[in-house]
Amino acid sequence: MTTAELQVVHDADTEVPVVEMKGIGRTFPGPPEVRAVENVDLTISPGEYLSIVGTSGSGKSTLLHLLGLLDRPTAGTYVLDGVDVSTLSERRRSRLRGERIGFVFQAFHLLAHRNVVENVALSMLYQRVSRRERFERSRATLDRVGLGHRVDADPATLSGGERQRAAIARALVAEPSLLLADEPTGNLDSSNAEAVLDIFGKLHAEGLTLAVVTHDDDVSKRAQRRVRITDGTLSEEKR
Amino acid sequence: MKRPVIRRRDRPARRLSIRDLLGEALAGVTARPSRLALTTLGTVVGIAALVSTIGLGQTASGQISERFDAASATRVVVEPGERDGPDGAVQAVQLPGDAAERVNRLAGTAAAGTFARVDVGGDRVRGVPVSDPSGSIEHDIPTVAASAGLFDAVNAMIADGRVFDDGHDERGDAVVVLGKYAAERLGISRVDTQPSIFIGERSFTVVGILDSVSARAELLDAAIMPMGTAAAVYGTGAPNAVEIRTEMGAAQLIGEQAPLAVLPNNPDLLSVDVPPPPGSLREDVSTDINAVFLALGGLALLVGGLGIATVTLLSVLERTSEIGLRRAVGATRTHVAGQFVVESVIIGFLGGLIGAAAGVLATVGVSAVRDWTPLLDYRLAIVAPLLGAMIGLVAGTYPAWRAARVEPITALRTS
């Protein structure tokens, strides 16, 4: 594959893009009024591994929230998996978020007092999945990220790398269309960060669509495609 | 590159089943056991106070109604009284001889009779059965006089024979009815042989033996002769008391009317013994205490509810990142609010359950110490935990609303 071929974001005849943002803007009402994201066009094709880079305050967190349906744009349209989400009710957005998007956070956000498999199973709690199936799939997914031996452990006893792998399992288990990661290695040492990025690489190879928000070059260069956000404006980075 | 086929499996209808909701709420509640214990404390104290107050109230009224039977509820006694006159002299009155007849005319009187102590001038009572040498021994048996109606008025039961009637009374016949204990002491157990007793040198025929009375138990120790006989033989004058048995519920009325009927000129000089109005005895015992304890219980419940509300609110603030995470994995605002409401309902229910158990134990314990029969409406044990759950529901509403308003972005922000 050549670079030029990679720039063809998707084969329009057969595949619907996972993300299709057009003219997206997010303005926080003031005073002072803040235009966190302005006129963003972003298309992510199925199977793409995208990194979004930018300095702090550049609007990359806002873009991540918009991508993850955690926030609503004030301008533009956003089509996720062929569904126009700009006009959906809060309830529908919550449901869609649970079904189509897997989140990986810098701070892991594992629930204390719940063991690893329960934490993973939580991401199917609000979907129509039976309890039995939730736990079966959670165990299988923990195996996939190499945590099959720690299913019953208390998250507090896990290392940072193990916690992030549990969080990745939680993001994966509901079979999302898009995995969104926010500084996934921010709280990890370099070897654990390496392991997490290896898992991302493996998932990408298996066909998962990933978008990783980071300020770290080591993380972003693993991605197949890189976009940069500066002062709320998105630009494609050529390599 | 091909994207994996996402399987949409056959799924159960509900997004969040009741069981899952309960499971999540229970996990949330039990995450901090010591906090749970403290949170339930107010509800436990409140419910325990309510249950034990009601339980002890029921138990106490049970004891009272055991003693406070129909017989004592229908007994009215009129006795002559006295008062200080305006000139310093003591005014005294006597009951008229026909007091019983006068009272009998009142509607609501079931039976009435007069009673008098007879002064026999130091004469002793002797029995003279043919075969019993001990019968010649003199006994110190009190002698009293009664009108025929007295026996009915005190619910007298006859062991043997009969009681005298108005005919004996009018004629002044020398007959007596013996109380059970008097008969025992005189060695008389049957009257079909027409036994006689002597009071001093005078002989009296025993016509009957009393087995029991519901009032004026001294009759069981005495030799009872008709009023007319006592008047004729010993010059006994005015009766000492009028015993009245009223219809059920008429005691208060008769108590008011009897003095006027007996002594129209000086009704207020008579002393009347009336049973307390129905229920007033029970109220006397329990009203004051109950009011205080119910108020304390209510206060404790209020504090308990506020405690649940405060701790749940605190827990919402502490768990914002959990709320954010749940929103991120697809929970709606309703799901989040529902979980916190259910959590506080569980806390309230647990408090109610423990409180009800403590209240029942307190009731049984106090009853055991006081030698009472514990009485407790079993429905109380069911209602109490539900009341606790209700308090939890009310207390959890505001924290749940706050939880639902948590913005996932804020909650998930990396700090």
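Residues numbered from 1 in each chain as written. Chains lettered and ligands numbered in written order. Predicted model: local features only at pLDDT ≥ 70, side-chain atom pairs only at ≥ 80, totals over all residues. Heavy atoms only, no water.

### Things to note about the overall build of chain B
In step 1: When you go through chain B residue by residue, the secondary structure sums to 14 helices and 14 strands.
In step 2: Residues counted as buried form 46% of the 415 residues belonging to chain B.
In step 3: If you take every contact in chain B between residues at least 6 apart in sequence, the share linking residues at least 24 apart comes to 81%.
In step 4: Here chain B displays about 20400 Å² of accessible surface, and carbon together with sulfur accounts for 58% of that area. (Helix = DSSP H or I, 4+ residues; strand = E, 2+ residues; numbered from the N terminus. Buried < 20%, exposed > 50% of the residue type's maximum accessible area, 1.4 Å probe, protein only. Contact = heavy atoms within 4.5 Å. Areas by Shrake-Rupley, 256 points an atom, 1.4 Å probe, with all protein chains shown as cover.)

### Observations regarding the sheet that holds strand β8 (residues 210-214) of chain A
Residues and elements named next belong to chain A.
In step 1: In space, the six strands of this open sheet follow the order β6-β7-β8-β3-β9-β10, with mixed pairing throughout. Each edge of the open sheet is held by one strand with a lone partner, namely β6 (101-104) and β10 (233-237). Across the sheet, the mean angle separating the axes of adjacent strands is 20° when strand polarity is ignored. (Pairing = 2+ DSSP bridges. Axes fitted to C-alpha atoms, helices over the stretch in contact; angles between N-to-C directions.)

### Quick word on the UniProt feature "transmembrane region" (unreviewed entry) in chain B
All names here are of chain B.
In step 1: According to UniProt, the feature "transmembrane region" (unreviewed entry) maps to residues 36-57, 291-317, 340-366 and 378-401 in the numbering used here.
In step 2: Taken end to end, residues 340-366 has its terminal C-alpha atoms 38 Å apart, with 100% of it in helix and 0% in strand.
In step 3: Taken end to end, residues 378-401 comprises 100% helix and 0% strand; its first and last C-alpha atoms sit 36 Å apart. (UniProt positions renumbered as here; feature names shortened; annotations may be inferred.)

### A word on the environment of Ile-101 of chain A
All names here are of chain A.
In step 1: If you trace the backbone, Ile-101 turns up in strand β6.
In step 2: Once the C-alpha coordinates of Ile-101 and Leu-80 are considered, the two residues, 21 residues apart in sequence, prove to be 9.7 Å apart.
In step 3: Apart from residues lying up to four places away in sequence, Ile-101 is in contact with Leu-67, Gly-68, Leu-69, Leu-80, Leu-96, Pro-176, Leu-178 and Leu-180.

### Digging into the pattern of salt bridges
In step 1: Considering all chains together, one arrives at 43 salt bridges over all chains under this definition.
In step 2: Where Glu-318 of chain B meets Arg-35 of chain B, a salt bridge forms, and the shortest distance between an N and an O atom there is 2.9 Å. Taken as a pair, Glu-318 of chain B in helix α10 (residues 280-318) and Arg-35 of chain B in helix α2 (residues 33-67) lie far apart in primary sequence, 283 residues in all.
In step 3: Taking relative accessible area as the criterion, Arg-35 of chain B reaches 22% and is therefore assigned partly exposed.
In step 4: Here the salt bridges do not stand alone but share partners, grouping Arg-114 and Glu-118 of chain A together with Glu-24, Arg-319, Glu-322, Arg-326 and Glu-343 of chain B into one network. (Salt bridge = Lys/Arg side-chain N within 4 Å of Asp/Glu carboxyl O.)

### Thoughts on the side chain of Arg-327 of chain B
In step 1: Inspection of the secondary structure assignment puts Arg-327 of chain B in helix α11 (residues 320-328).
In step 2: A distance of 2.9 Å separates a polar atom in the side chain of Arg-327 of chain B from a polar atom in the side chain of Glu-90 of chain A.
In step 3: If near-sequence neighbours (up to four positions away) are discounted, Arg-327 of chain B is found in contact with Glu-90, Ser-94 and Arg-97 of chain A together with Thr-332, Arg-333, Val-336, Ala-404, Val-406 and Pro-408 of chain B. (Polar contact = N/O pair within 3.5 Å; in protein donor to acceptor, adjacent residues only side chain to side chain.)

### Observations concerning helix α13 (residues 378-404) of chain B
In step 1: Look at α13 of chain B: 39 Å from first C-alpha to last across 27 residues, which is about the 39 Å you get at 1.5 Å a residue.
In step 2: Considering bend angle alone, the principal kink of α13 of chain B is centred on Thr-397 of chain B and spans about 40°; proline Pro-399 of chain B follows within four residues of it. (Expected span 1.5 Å × (residues − 1). Bend = angle between axes of the 7 residues up to and from the residue.)

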